[in-house]
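Breakdown of the fold
The chain contents come next:
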Amino acid sequence: MAQKRQTSVVAAASSRSEQLYNRAKKVLPGGVDSPVRYFEPYPFFAASARGSKLVTADHRTLTDYCMGYGAMLLGHGYPSVLDAARSQLDKGTLYCVPTELEIKLAELVSKAVPCADMVRLVNTGSEATMNAIRLARAFTKKKKVIKFDGGYHGAHDYVLVKAGSGAASLPASEGVLEEASAQTIVSPYNDAAELERTIERNRDDAACVIMEPVLANIGLVLPDKNYLSDVRKITQQNDTVLIFDEVVTGFRLALGGAGEFFGIRPDLATFAKALGNGFPVGAIAGSKEIMQQLAPAGRVYQASTFAGNPVSVSAAIAALSTLFEAKDSIYPQVARTCDSIVEGIREELEDIGGINCTINSIGSMYQVFFTADRVRDEASAKKADPAKFRKLFDELLRRNVFIPPSQFETCFVSYAHDEDDVDRTVDAYSEAFKKIKEQQK
Ligand SMILES: Cc1ncc(COP(=O)(O)O)c(C=O)c1O
């Protein structure tokens, strides 16, 4: 069947990205290695990145707010992180025996994160959440997992149920065992009373509550006042392990993540993204009692060839050392930059008038929803107009501003974004909103 040819905002037809995409889709399903990277009619391909900028295969320089879906807190190619990785390369890339580097990194995580008595290093966020759930089951001798509607914890069976991010647009993934998803109970976010009822109904079965303390994969959704402390109380009263999935918020919202930011101590926490500032490294952290169950200390099996690999670990040590040294300037600066963008967008929306938008933001994260209503859970996030968001994405990209292509993601500001980026970005949003208004008429 002949496909209607769509014009692309990526570049002119027969661009390098289009050529690469046509080549990619023959060998990579859908032409990409992770579904969120695809958008119609084809994604742009990257050539390089530095600071707040990403350069495409078509030689366009974009101001990046995707920032490795939150990984690049310090910006692309942060010098001390690159130097640490480079100097490790000559000493070896994988030993599969322990190194002092791993102790150093675990000590830094433990110093930064209030709940982290002990740490197990892994490679990705998915690995971290999958094994945190296993630990919670072993510890409680219970089976069921409670997660929140729109919460994303990676692409494994027990959490791919009413998930956010790329999975938000799928009814359910084929291939996930029904027997596995039947063990997962979904509750609405920001509704402590409903969580309490659910957990009490399943008191003998509920092994853990796993949650993004701030939802960042259904757009950005903030916890209501006292919500997280209510969740903490409810889980404690019902002998259920509380897992904060801090893959996005960890080291980003504060050095000690959302746990520090909101003053809540979960039993376990999972990390990745900002931990390695672009290198694949993750961590499970938590109370000694629970963590000591991991083999070989205990009987919960978790293993990985690449865990603690010295290149990623060196990069992560450099990233965390920078965050420790400069935390008093980094966190206020990224929050200020994000606030300036959000305030700028709000002012433009007010001047232009007639477009219903809600903007949620916290620290260095924000998202615009095309709805007049408050967005406080998955249901209200899904009321936002996806066609308008798509138009926003296209119009911003036309103006060299790259935000994640989906409404159900979050925009990330880094330490590398400066005032010039803010001005250009706000101008781009303003022009994009004007186009959206024209289309509304
Ligand atoms: C909150 C959260 N948890 C877990 C994951 C999975 O991490 P990874 O993609 O590194 O497996 C993600 C990925 O976006 C995430 O946002």
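The rules behind the values
- Residues numbered from 1 in each chain as written.
- Predicted model: local features only at pLDDT ≥ 70, side-chain atom pairs only at ≥ 80, totals over all residues.
- Heavy atoms only, no water.
- Helix = DSSP H or I, 4+ residues; strand = E, 2+ residues; numbered from the N terminus.
- Buried < 20%, exposed > 50% of the residue type's maximum accessible area, 1.4 Å probe, protein only.
- Contact = heavy atoms within 4.5 Å.
- Areas by Shrake-Rupley, 256 points an atom, 1.4 Å probe, with all protein chains shown as cover.
- Lys, Arg positive; Asp, Glu negative; His and termini not counted.
- Charge placed at Lys NZ, Arg CZ, Asp CG, Glu CD.
- Salt bridge = Lys/Arg side-chain N within 4 Å of Asp/Glu carboxyl O.
- Axes fitted to C-alpha atoms, helices over the stretch in contact; angles between N-to-C directions.
- Parallel < 35°, antiparallel > 145°, perpendicular 65-115°, else oblique.
- Left-handed = near helix turned anticlockwise from the far one by under 90°.
- Nonpolar A, V, L, I, M, F, W, Y, C, P; charged D, E, K, R; others polar.
- Core = buried A, V, L, I, M, F, W, Y, C linked by side-chain atoms within 4.5 Å.
- Pairing = 2+ DSSP bridges.
- UniProt positions renumbered as here; feature names shortened; annotations may be inferred.
- Polar contact = N/O pair within 3.5 Å; in protein donor to acceptor, adjacent residues only side chain to side chain.
- Near = heavy atom within 4 Å.

What about the overall build of the chain?
Helix and strand counts for the chain stand at 13 helices and 14 strands. Projected onto the principal axes, the alpha-carbon positions of the chain cover approximately 60 × 55 × 50 Å. Of all 441 residues assigned to the chain, the portion counted as buried reaches 56%. Once local pairs closer than 6 in sequence are excluded, the contacts in the chain between residues at least 24 apart make up 72%. Carbon and sulfur atoms make up 50% of the accessible area of the chain, which totals about 19400 Å². Across the chain, 51 positive and 55 negative side-chain charges occur, with their mean positions spaced 3 Å apart.

Structural notes on the pattern of salt bridges
Within this structure, the stated rule accounts for 18 salt bridges. Measuring nitrogen to oxygen at the nearest pair gives 2.9 Å for the salt bridge that ties Arg 232 to Asp 267. Note that Arg 232 is positioned in helix H7 (residues 227-237) and Asp 267 in the loop between helix H8 (257-262) and strand S9 (268-271), a separation of 35 residues in sequence. Residues Arg 232 and Asp 267 agree in their burial class; the two are buried. Ionic pairing is found between Glu 378 and Lys 382, a salt bridge with its closest N-O pair at 3.0 Å.

Details of the packing of helix H10 (residues 310-352) against helix H13 (residues 419-440)
The interhelical angle for the contact between H10 and H13, taken along N-to-C directions, is 30°, at an axis separation of 9 Å. As summarised for this structure, H10 and H13 are arranged roughly parallel, according to the angle between their axes. The handedness of the crossing between H10 and H13 comes out as right-handed. Where H10 approaches H13, its residues Thr 337, Ser 340, Ile 341, Gly 344, Ile 345, Glu 348, Leu 349 and Ile 352 are matched on the opposing element by Val 422, Thr 425, Val 426, Tyr 429, Ser 430, Phe 433, Lys 434 and Lys 437. Taken together, the residues of the contact of H10 with H13 break down into 8 nonpolar, 5 polar and 3 charged.

Observations regarding the nonpolar core
Generally speaking, a soluble globular protein has its nonpolar side chains buried in company with each other. Counting residues in each nonpolar core, the largest one holds 62 residues, and the members touching the most others are Leu 105, Met 211, Phe 251, Leu 275 and Leu 323. With 14 residues, the single largest contributor to this core is H10. In this structure, Phe 393, Leu 396, Ala 432 and Phe 433 belong to the second largest nonpolar core, which totals 37 residues.

Some details on the sheet that holds strand S1 (residues 46-50)
Read across the sheet, 4 strands follow the order S1-S2-S3-S13 without closing on themselves; strand pairing throughout is mixed. Two strands in the sheet have a free side with no partner beyond their single neighbour: S1 and strand S13 (401-402).

Section: the UniProt feature "modified residue: N6-(pyridoxal phosphate)lysine" (unreviewed entry) in the chain
The sites that carry the UniProt feature "modified residue: N6-(pyridoxal phosphate)lysine" (unreviewed entry) are, in the present numbering, Lys 273. As for its placement among the helices and strands, Lys 273 is situated in the loop between S9 and strand S10 (282-286). Those residues in contact with Lys 273 that sit more than four places away from it in its chain are Gly 68, Tyr 69, Gly 70, Ala 71, Val 247, Val 248, Gly 278 and Val 281. Separated by 2.9 Å, the side chain of Lys 273 and the backbone oxygen of Tyr 69 make a polar contact.

Here we look at the side chain of Arg 120
Inspection of the secondary structure assignment puts Arg 120 in strand S4 (residues 118-122). It is Glu 102 that comes nearest to the buried, bridge-free Arg 120 among opposite-charge side chains, at 8.0 Å. A distance of 2.8 Å separates the side chain of Arg 120 from the backbone oxygen of Ala 295, its partner in a polar contact. Only 2.7 Å separates the side chain of Arg 120 from the side chain of Gln 302, close enough to count as a polar contact. Not counting chain neighbours up to four residues away, the residues in contact with Arg 120 comprise Gly 282, Ala 283, Ile 284, Met 291, Leu 294, Ala 295, Pro 296 and Gln 302.

Some details on the site of the ligand
Inspection of the region around the ligand gives Thr 124, Gly 125, Ser 126, Tyr 152, His 153, Gly 154, Glu 212, Asn 217, Asp 245, Val 247, Val 248 and Lys 273 as its neighbouring residues. Ser 126 places a side-chain nitrogen or oxygen 2.6 Å from an oxygen atom of the ligand. Between a nitrogen atom of the ligand and a main-chain N or O atom of Tyr 152, the distance comes to 3.4 Å. Protein chains shield 82% of the accessible area of the ligand, which is 390 Å² for the free molecule. Taken together, the residues of the shell around the ligand sort by class into 3 nonpolar, 6 polar and 3 charged.

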